[in-house]
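Remarks on the overall topology
Each chain is listed here by its residues.
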Amino acid sequence: MNFDILLRKYAELIVKSGLSVKEGQIVCVSALIEAAPLTRLVAEAAYAAGAREVVVRWSDEAVQRLKYEHAPLSQFEEVPEWFSAYNNGYAAEGACFLTIDAADPDAMSGVDPKKASAWVKASHTACKPFYDGLDLAKNRWCIAAAPSPKWACKVFPGLPEEEAVSRLWAAILKAVRVEETGDPVAAWEEHHKSFQERIRTLNSLQLDRLHYQNSLGTDITIGMPEGHCWAGGGAETTDGVSFFPNMPTEEIFASPDRSRADGTVYSALPLNYHGSLIDRFWLRFAGGKVVDFGAETGYDVLKAILETDEGASHLGEVALVPARSPISEMGILFYNTLFDENAACHFAVGKGFAECLEGGLALSEEEQAARGLNDSAAHVDFMIGTPDLSITGYTKDGKAVPIFTDGNWAI
Ligand code: ZN
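A few points on the structure. All values reported here derive from a predicted model rather than from experimental measurement. (Residues numbered from 1 in each chain as written. Predicted model: local features only at pLDDT ≥ 70, side-chain atom pairs only at ≥ 80, totals over all residues. Heavy atoms only, no water.)

1. Thoughts on the overall build of the chain
Check the secondary structure of the chain and you find 13 helices and 20 strands. Scaling as 2.2 N^0.38, a compact globule of 411 residues should have a C-alpha radius of gyration of about 22 Å, and the chain matches this with 20 Å. Structurally, the chain occupies a C-alpha span of about 55 × 50 × 50 Å along its principal axes. Out of the 411 residues in the chain, the part that is buried amounts to 55%. Summed over its atoms, the accessible surface of the chain is roughly 17300 Å², and 51% of this surface lies on carbon and sulfur atoms. The distance from the centre of the 35 positive side-chain charges to the centre of the 58 negative ones in the chain is 1 Å. (Helix = DSSP H or I, 4+ residues; strand = E, 2+ residues; numbered from the N terminus. Rg over C-alpha atoms; globule rule 2.2 N^0.38 Å. Buried < 20%, exposed > 50% of the residue type's maximum accessible area, 1.4 Å probe, protein only. Areas by Shrake-Rupley, 256 points an atom, 1.4 Å probe, with all protein chains shown as cover. Lys, Arg positive; Asp, Glu negative; His and termini not counted. Charge placed at Lys NZ, Arg CZ, Asp CG, Glu CD.)

Shown next as structure tokens:
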């Protein structure tokens, strides 16, 4: 099969299903220079879909790394005016936002981890209208991926660069259901529908808490807020346009009560955070807050994440992904959360999702907090699911409901 045809199908899928680009729309794309061929095809597809303008902001990890090595910490605590004007201005105009991820998992290894968390905090403050647009379902957005040679060689060590890149392309295209025959847009509509029944079941249970256990040592109970809603398989803006924030996606997720997590959770896969790896780590929670933690690799990076702000040491997300998901069955460790989070159950520390509370999108921040939703500039997913994970739900009257047994759905 002609790779160019597959790439074109992928670009059209991102535009039509991921972003749902409409007539007259502005499309903002943030891409690494390695992803230029896909980015150009996305721009072409977006104009064909009626986009008014496609604005691309390129970046280069080699130059970014130089900034992380040489610029002082204070430079990461300040956000230039053009940057917030760009994000907030286009969000106000109703633009949709695409990120094409091609990151080298080791791009920032060894740099001061305080710089990345300082930037996350500063940019979330300066670009609050932009982030509110995404979080409160006003603007559509999508994260998709394209291989870079460095990323591909990390995933497939020992292979020649060209072969590694083509193996990673094959894995990505498979994960996003782009095939020689068939219509990927229709395949994603089917995929979207496949989530609905489980989401309905989980929502009708209105579980009070979830108890996780596995042989790594994970033993943790997480409280769920009243009126919580599980979601997954795509999102919808408040004006009723559906889109897919993550391509691929295999998760069903909710936001827990920020003050009810007790016990210890162990990581199941390495975590790549802004180009630094954290591996073999654990977090101990009491009353919803991380009270102790450890990591064999990347302890300082984990520490910087948890210290981003007050909410960064509380949970914002619990997500259910079976051990037999299409992505885990590939048996590839991607070193990229967009993929790895769809291969295993995961949690996230940091910001919770307003859409995961009934009526949550219309609540003020104070009302969201009163309902138990966590708030933070950070939102960092980490994988905890193993093939022997069990999750038991408990209803308010104490009835046990098996949710996962041996790493897979029990409902
Ligand atoms: Zn997730």
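2. Quick look at the environment of Lys-16
Here Lys-16 is to be found in helix α1 (residues 3-18). Look at Lys-16 and you get exposed, because its relative accessible area is 51%. As a C-alpha pair, Lys-16 and Val-318 span 302 residues in sequence and 28 Å in three-dimensional space.

3. Brief notes about the pattern of salt bridges
Once their charged atoms are close, side chains differing in charge can pair, the charge on each being opposite to the other. Scanning the model with the defined rule gives 14 salt bridges in all. For the salt bridge of Arg-260 with Asp-208, the shortest nitrogen-to-oxygen distance reads 3.1 Å. Residue Arg-260 is located in the loop between β10 (252-254) and β11 (261-266), and its partner Asp-208 is located in the loop between α10 (196-205) and β5 (209-213); the two are separated by 52 residues in the primary sequence. The exposure class assigned to Asp-208 is buried, which follows from its relative accessible area of 16%. As a salt-bridge pair, Asp-375 and Lys-351 come within 3.0 Å of each other at their nearest N and O atoms. You can see Asp-375 sitting in the loop between α13 (365-370) and β17 (379-383) and its partner Lys-351 sitting in the loop between β16 (346-350) and α13, a full 24 residues away along the chain. Look at the salt bridges and you will find they share partners, linking Lys-128, Asp-132 and Glu-365 into a network. (Salt bridge = Lys/Arg side-chain N within 4 Å of Asp/Glu carboxyl O.)

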